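Structural overview
Next come the chains, spelled out residue by residue.
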Amino acid sequence: MRRLPVYLVLDKSFSMAGEPINAVNQGLQALVDMLRQDPFALETVYLSVIEFSSEAKHTVPLCDLMTFQSPTLIPDGTTALGGALKLTAERIRDEVQSSSSNAKGDWRPLVFIFTDGAANDDLDAGIEAMKSVSVAKLVGCAAGADADITDLQRFSTDVVRLNNNDAESIRAFFTWVSASVSMVSQSVESGRSDCSAELPPPPNEISVINLSKE
């Protein structure tokens, strides 16, 4: 079976304390619940969570939807976005199966990065690391006015911004991510490319900076 790997790279820096981090934790669980109701996603989607503040941590290794257990993110530290990108690239290299002459490997991963700030570590090193792996889409979400769109535009295939970093907007983002993953899982199950499906239009709480069209 060809898996569709999905990496959720989530900012848990101290600026996320309070309502935002609670909404992220609730949104992540809601995303999993929604995907578990999708027969296409159940067949193909494998989820992983990387959280980052002053350091990046691989909280949930790549696993199927029924095995997945949502972590509880606790805010602390700063915004090591470069470190998060490096760790994501490492995990993709280690966990995603490549095609060989004898068998087809996994579909190319979907990566969703959520941050409310600006990188304060070596972002260039993280960007270079991500260039060494192949992804179908790398979606950057700038949560609120303090998030640095320019950082995300340097490495993302698609960039969106939450108009506000409040609970309603964050929950809307995770609902949109779930719909996006479902759309791609249906695409691969029907035999189309892993990136042939466009992402669905975001809800009103999300402003489109750019969405790539394959």
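Up top you'll find the structure we're talking about.
Everything in this summary refers to the structure shown in the same document. (Residues numbered from 1 in each chain as written. Predicted model: local features only at pLDDT ≥ 70, side-chain atom pairs only at ≥ 80, totals over all residues. Heavy atoms only, no water.)

1. Some points on the packing of aromatic side chains
As a reminder of what qualifies: Here a Phe, Tyr or Trp ring, Trp counted by its six-membered ring, pairs with any other such ring whose centre lies within 6.5 Å, and the pair is stacked when the planes are under 30 degrees apart, edge-to-face when over 60, and tilted otherwise. Put simply, DSSP H or I for four residues or longer makes a helix, DSSP E for two residues or longer makes a strand, and each gets a number counted from the N terminus. In this scheme, a residue with accessible area under 20% of its type's maximum is buried, one over 50% is exposed, and one in between is partly exposed, where area comes from a 1.4 Å probe on protein chains only.
A complete count under the given rule lists four aromatic pairs for this structure. Here the aromatic rings of phenylalanine 114 and phenylalanine 174 are separated by 6.3 Å at their centres, their planes lie at 35°, and the arrangement is tilted. With a gap of 60 residues between them, phenylalanine 114 in strand β4 (residues 110-115) and phenylalanine 174 in helix α6 (residues 167-189) connect regions that are remote in the sequence. By relative accessible area, which is 0% here, phenylalanine 114 ends up buried.

2. Observations concerning the packing of helix α3 (residues 81-95) against helix α4 (residues 123-131)
As a reminder, the rule being used: For helices, the fitted line uses only the C-alpha atoms of the stretch in contact; every axis is such a line through C-alpha atoms, and the angle between N-to-C directions lies from 0 to 180 degrees. Any angle from 65 to 115 degrees is called roughly perpendicular, while one under 35 is roughly parallel, one over 145 is roughly antiparallel, and all others are oblique. The hand of a helix crossing depends on one turn: near helix anticlockwise from the far one by less than a right angle means left-handed, and clockwise means right-handed. Throughout, a residue-residue contact means that at least one pair of heavy atoms, one from each residue, lies within 4.5 Å. Note that Gly is not counted as nonpolar here; it falls among the polar residues with everything else outside the nonpolar set of Ala, Val, Leu, Ile, Met, Phe, Trp, Tyr, Cys and Pro and the charged set of Asp, Glu, Lys and Arg.
Look at α3 against α4: their axes get within 7 Å of each other, and the N-to-C directions meet at 20°. Relative to α4, α3 is oriented roughly parallel. In this structure, α3 crosses over α4, and the sense of that crossing is left-handed. Counting all contacts with α3, which are made through Leu81, Gly82, Leu85, Lys86, Thr88, Ala89, Ile92 and Arg93, the residues of α4 involved are Leu123, Ala125, Gly126, Ile127, Ala129 and Met130. Within the contact of α3 with α4, the residues separate by chemical class into nine nonpolar, three polar and two charged.

3. Some words on α4
Test applied: When we speak of the arc, we mean the arc of directions from the helix axis to the C-beta atoms.
Buried within α4 are the following residues: Leu123, Gly126, Ile127, Ala129 and Met130. Taken end-on, α4 shows its buried residues confined to a sector of 160°, consistent with a single buried face. Buried-residue contacts for α4 involve α3, β5 (137-143) and α5 (149-153).

4. Concerning the sheet that holds strand β2 (residues 45-52)
The cut-off we apply is this: DSSP-based pairing: two strands are paired if at least 2 bridges between them are found.
Spatially, β3-β2-β1-β4-β5-β6-β7 is the arrangement adopted by the seven strands of the open sheet, whose pairing is mixed. At either end of the open sheet lies a strand with only one pairing partner, and these are β3 (56-64) and β7 (206-210). Mean inter-strand twist for the sheet, computed between neighbouring axes without regard to direction, equals 15°. Sitting on the sheet, helix α1 (residues 19-36) touches β1 (4-11), β2 and β4, and the angle it makes with β1 is about 170°. Along the sheet, α3 makes contact with β1, β2, β3 and β4, crossing β3 at roughly 30°.

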